[in-house]
Amino acid sequence: AANEKKESETASVTVVPDQWKIYEEMASDINQQEMIKSVSLEPAQWRIYQVTGEDGNLWWSAAYIGATVPLISLEGRSRVPIWMENQQSHPTKLQDAKKCIPPHVALKTSFLPVTVNISDHFTNNMIVTKEMIFYSSLEEALRMGAAYWLERQFVDGD
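Would you explain the overall build of the protein in this entry?
Broken down by element type, the protein carries 6 helices and 6 strands. Listed N to C, the secondary structure of the protein is β-β-α-α-β-β-α-α-α-β-β-α in terms of helices and strands. Taken across its 158 residues, the protein has 41% of its residues classed as buried. Of all intrachain contacts in the protein linking residues separated by at least 6 positions in sequence, the fraction that spans at least 24 positions is 63%. Summed over all atoms, the accessible surface of the protein reaches about 9,300 Å², with 53% contributed by carbon and sulfur.

Quick question: what am I supposed to make of the environment of Val 116 here?
Position of Val 116 among the secondary structure elements: in strand β5 (residues 111-118). Put simply, Val 116 and Ile 127 are 11 residues apart on the chain and 9.7 Å apart in space, counted from C-alpha to C-alpha.

I'm lost on the packing of aromatic side chains in this one. Help?
Working definition: an aromatic ring pair is given by the centre-to-centre distance plus the angle between the planes. Throughout the structure, instances matching the rule amount to 4 aromatic pairs. With a centroid separation of 5.5 Å and 85 degrees between ring planes, the pair formed by Tyr 64 and Trp 149 is classed as edge-to-face. Remark: Trp 149 occurs in helix α6 (residues 138-154) and Tyr 64 occurs in strand β4 (residues 58-64); sequence separation between them is 85 residues. Residues Phe 111 and Tyr 135 carry aromatic rings whose centres are separated by 5.7 Å and whose planes lie at 65 degrees to one another, so their mutual orientation is edge-to-face. Placement of Phe 111 in strand β5 and of Tyr 135 in strand β6 (residues 128-135) is noted, with a sequence separation of 24 residues between them. One aromatic cluster is present, formed by Trp 46, Tyr 64 and Trp 149 through successive ring pairs.

Here is what the cut-offs are and how they apply
- Residues numbered from 1 in each chain as written.
- Predicted model: local features only at pLDDT ≥ 70, side-chain atom pairs only at ≥ 80, totals over all residues.
- Heavy atoms only, no water.
- Helix = DSSP H or I, 4+ residues; strand = E, 2+ residues; numbered from the N terminus.
- Buried < 20%, exposed > 50% of the residue type's maximum accessible area, 1.4 Å probe, protein only.
- Contact = heavy atoms within 4.5 Å.
- Areas by Shrake-Rupley, 256 points an atom, 1.4 Å probe, with all protein chains shown as cover.
- Phe/Tyr/Trp six-rings, centres within 6.5 Å; stacked < 30°, edge-to-face > 60°.

Have a look at this one:
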């Protein structure tokens, strides 16, 4: 599909510690700036990563990790996707990612699957290689991160 980019090698990923400032600076007008004041992008609530694609553009990945709304247990649910069984905060396969959003949204979303090396406090500062999906804007990454979290909350294969 036209909205799927391919990344061939393992990429270096940047952990974005000051997400709120970056997101606020991206707001293009006063109405948008007022709207984002209600969004919490504190490191305790979101894990946000940034990678530079082969095209030189920045790509983003976001996962909601806040404990203010606890995850509902998967116990008793049938046919749970593998990414959820593995306790991942987001899918690593495009087909799984697209199942979390309506088809018309998936058509408008830019996906960049990348193998990345990550070293941060989530990995105890050890380098970990993992598959991730990145998006063309921080806003798109936040929307997808929220979609994955909601899918994890309410999934049931029946």
